[in-house]
Amino acid sequence: MKILIFFVFGVNICFAQNRVPFDKLTLENDLVYENFPDKLFTGNAAKIRKNGHVVYEDLIKDGKILKRIVYYNKSNLPAIESIYFENSHKIKKEIQYSLKESRIDITQFNELGEKTLSEIYENDKLIYRCEFVKNKKNGREFCIDKNGQEIITEYENGKPLN
């Protein structure tokens, strides 16, 4: 998990280089253009407030948004990181970071936009994991309660089996 955090902050540093404000780009048919309609954009684009705060920024390649990082208000710390499927505007993986505790929530989706996996880490330790099919719990749900006890429940089509 520490590697993931270092990766995110490393990506954050890379994102910070050569940001282009979104108002200098054109979004048309889910593609980002630097010179509409002639040149697709590759690089980092950001929504920046007048006070200089970066609200969010995108990593874009050949006009396609690959990743978006939304920042906490008045902070350069990431709140949500969204990774997109390569050929669509649909989210493949979303990572939410907490400011108050060392908690990271990770949700994965299929190309239909349906949730397939949910995980929660606290202090680099997995405390919750559940698989989904068609947005319903399906398979093994693992969690650790407040007393540190592991609880495992099997689900099928959203209904507990045990």
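Per-chain numbering applies: the sequence of each chain, read as written, is numbered from 1 onward. A pLDDT threshold of at least 70 governs which residues receive local features in this predicted model, and a stricter bar of 80 or more applies before side-chain atom pairs are shown or counted, although totals over entire chains, interfaces and linings include all residues. Hydrogen atoms and water are omitted, and side-chain values are computed over all heavy atoms in the structure.

Numbering of helices and strands runs from the N terminus, with a helix taken as a DSSP run of H or I at least four residues long and a strand as a DSSP run of E at least two residues long. When you go through the chain residue by residue, the secondary structure sums to 1 helix and 15 strands. Counting all 162 residues of the chain, 32% fall into the buried class. The contact criterion used is simple: two residues touch if any of their non-hydrogen atoms lie within 4.5 Å. For the chain, contacts bridging at least 24 residues in sequence account for 20% of all contacts bridging at least 6. A 1.4 Å probe and the Shrake-Rupley method give the accessible areas. Residues count as covered only by the protein chains that appear here. In the structure as shown, the chain presents an accessible area of about 10,600 Å², 50% of it carried by carbon and sulfur atoms. A simple rule labels every residue: compare its accessible area, found with a 1.4 Å probe on the protein chains alone, to the largest value its type can have, and call it buried under 20%, exposed over 50%, or partly exposed in between.

Moving on, we come to the environment of glutamate 57. Residue placement: glutamate 57 occurs in strand β6 (residues 54-61). Note: C-alpha distance between glutamate 57 and tyrosine 71 (14 residues apart in sequence) is 8.5 Å.

Now for unusual backbone geometry. In this structure, proline 37 follows phenylalanine 36 across a cis peptide bond, with omega equal to -5°. One non-glycine residue, aspartate 30, lies in the positive phi region at around 65°. Inspection of the secondary structure puts aspartate 30 in the loop between β2 (26-28) and β3 (31-35). Residue aspartate 30 is classed as partly exposed on the basis of its relative accessible area of 47%.

Time to look at the packing of aromatic side chains. When the centres of two rings from Phe, Tyr and Trp lie within 6.5 Å, Trp using its six-membered ring, the rings pair. Their planes under 30 degrees apart give stacked, over 60 give edge-to-face, and anything left gives tilted. Tallied over the full model, the rule gives 2 aromatic pairs. Here phenylalanine 22 and tyrosine 56 contribute two aromatic rings whose centre-to-centre distance is 5.7 Å and whose plane-to-plane angle is 45°, an arrangement assigned as tilted. Note that phenylalanine 22 is positioned in the loop between β1 (19-21) and β2 and tyrosine 56 in strand β6, a separation of 34 residues in sequence. Accessibility expressed as a relative area gives 22% for tyrosine 56, which makes it partly exposed. Each ring, one from tyrosine 33 and one from phenylalanine 36, has its centre 5.0 Å from the other, and the planes form 85°; the classification is edge-to-face.

Let us now look at the sheet that holds β3. When DSSP finds two or more bridges between a pair of strands, those strands are recorded as paired. A sheet is described by the order of its strands in space; here 3 strands give the open sequence β2-β3-β4, paired in antiparallel fashion. The sheet is open, and its two edges are formed by β2 and β4 (39-40), each paired on a single side. Bridge analysis of β3 against β4 gives 2 bridges, and the strand direction is antiparallel. Bridged to asparagine 35 within β4 is lysine 39.

Another aspect to go through is the side chain of aspartate 58. Structurally, the position occupied by aspartate 58 is in strand β6. Its relative accessible area of 0% is what places aspartate 58 among the buried residues. Any pair of nitrogen or oxygen atoms within 3.5 Å is treated as a polar contact; in protein, a donor-acceptor pairing is required on top of that, and neighbouring residues in sequence qualify only through side-chain atoms on both sides. Of the polar contacts made by the side chain of aspartate 58, one reaches the side chain of arginine 68; its length is 2.6 Å.

Moving on to the environment of glutamate 122. For glutamate 122, the position within the fold is in strand β11 (residues 115-122). The exposure class assigned to glutamate 122 is partly exposed, which follows from its relative accessible area of 29%. Between the alpha carbons of glutamate 122 and glutamate 101 there is a distance of 7.7 Å; along the sequence they are 21 residues apart. Once you skip the residues sitting within four places of it in the chain, glutamate 122 turns out to touch Glu101, Ser102, Arg103 and Ile127.

Summary of the metric used: pLDDT quantifies the predictor's per-residue confidence within the range 0 to 100. Per-chain confidence: the chain averages 88 in pLDDT, with 90% of residues scoring 70 or above. Counting contacts from residues 1-16, a segment whose pLDDT is below 50, to residues more than four positions away or on other chains yields 29 contacts.

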